[in-house]
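Spelled out from the first residue to the last, the chains are:
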Amino acid sequence: MKNTAIIIPTRLAAKRFPNKPLAKINNIPMILHVFNKAKESNVGEVFVATPDKKIFEIVNNNGGNAILTEENHESGSDRVYEVYSKKLKNSVDLIINLQGDMPNIKPNTISKLEKLMINNNCDIGTLASPIRDENEINDINVVKVHLDQPLKDDSFHEAKDFFRKKKDFIPEKTYHHLGLYIFTKDALTRYVKLARSKLEIERNLEQMRAIENNMVIKVGLANSMPLSVDTEEDLIKVKKNMEKL
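Colleague: Let's hear about the pattern of salt bridges: which residues, and what values?
Modeller: Taken as a whole and assessed by the stated rule, the structure comprises 9 salt bridges. With a shortest N-O distance of 4.0 Å, Glu 158 and Lys 160 are connected by a salt bridge. According to the relative accessible area criterion, Lys 160 is partly exposed, its value standing at 39%. For Glu 200, the salt bridge is made with Arg 209, and the minimal N-O distance between the two is 2.9 Å. Like Glu 200, the residue Arg 209 is buried in the burial classification.

Next up, the structure:
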């Protein structure tokens, strides 16, 4: 049996939406919504990785487990690795990197990703959902993933490319990518030691570092579409969605 941990990297200094982890939804900071959904997945121990004392205190004062990390990490995966290497190195086989800006993610979405990873052989796993809104195609805040075959409910296919905007792509093999990854411990260790790649820098997509270094990323079909909060407009949409619930 493989042991899994969930690590949520988050910080206050996001360029597009500063302080967004503390933005309140139903009077609860966003980061606590994400932490609670991760706990409800029952996948494994959950940690918040942050360089900010405000986040650290809010999470720990509300029954969570936050770890203070270095400030100058270049990516969320580097922040995840710091917590893994300091706290979990000999106790877990799989590490989930869950972005801290998906407050309405469903716990069974997280657990589905772990199940797919356990039953398949690859370095990194992630999830995607069908593109249902044409506006998403040209929205650079929506990351797309291209596969060589369409996704079915139980499939786990290799990702061929990730992009924000592209002129020529095949709609039926292109999906809306979710900010959720699962690494084997060896893959995470290898990944963070690689130099930032050309397309990673050009597209501002860290998953391109893995692809350009021949690491295998497989993609499963998400059973729901969590809203990612990249802007204040996104926050308004998420609030409306979560207030209904």
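Colleague: Mind laying out helix α5 (residues 185-193), listing which residues take part and the relevant values?
Modeller: Note that an α-helix has 3.6 residues per turn; residues three or four places apart therefore point the same way. Of the residues making up α5, those classed as buried are Ala 187, Leu 188, Thr 189, Tyr 191 and Val 192. As for α5, its buried residues are in contact with α3 (76-88), β6 (94-98), β10 (174-184), α6 (198-203) and α7 (207-212).

Colleague: Which residues make up the nonpolar core, and what values go with them?
Modeller: Counting 35 residues, the largest nonpolar core has Ile 7, Tyr 84, Val 145, Phe 162 and Leu 188 as the members making the most contacts within it. Considering each element in turn, this core owes the most residues, 5 residues, to α3. What Ile 7 contacts, discounting residues up to four positions off in sequence, is Phe 47, Ala 49, Val 80, Val 83, Tyr 84, Leu 88, Ile 95, Ile 96, Asn 97 and Leu 98. Core analysis: the next-biggest nonpolar cluster, separate from the first, contains 31 residues, Ile 6, Ile 31, Met 117 and Ala 222 among them.

Reading the values: rules and limits
- Residues numbered from 1 in each chain as written.
- Predicted model: local features only at pLDDT ≥ 70, side-chain atom pairs only at ≥ 80, totals over all residues.
- Heavy atoms only, no water.
- Salt bridge = Lys/Arg side-chain N within 4 Å of Asp/Glu carboxyl O.
- Buried < 20%, exposed > 50% of the residue type's maximum accessible area, 1.4 Å probe, protein only.
- Helix = DSSP H or I, 4+ residues; strand = E, 2+ residues; numbered from the N terminus.
- Contact = heavy atoms within 4.5 Å.
- Core = buried A, V, L, I, M, F, W, Y, C linked by side-chain atoms within 4.5 Å.

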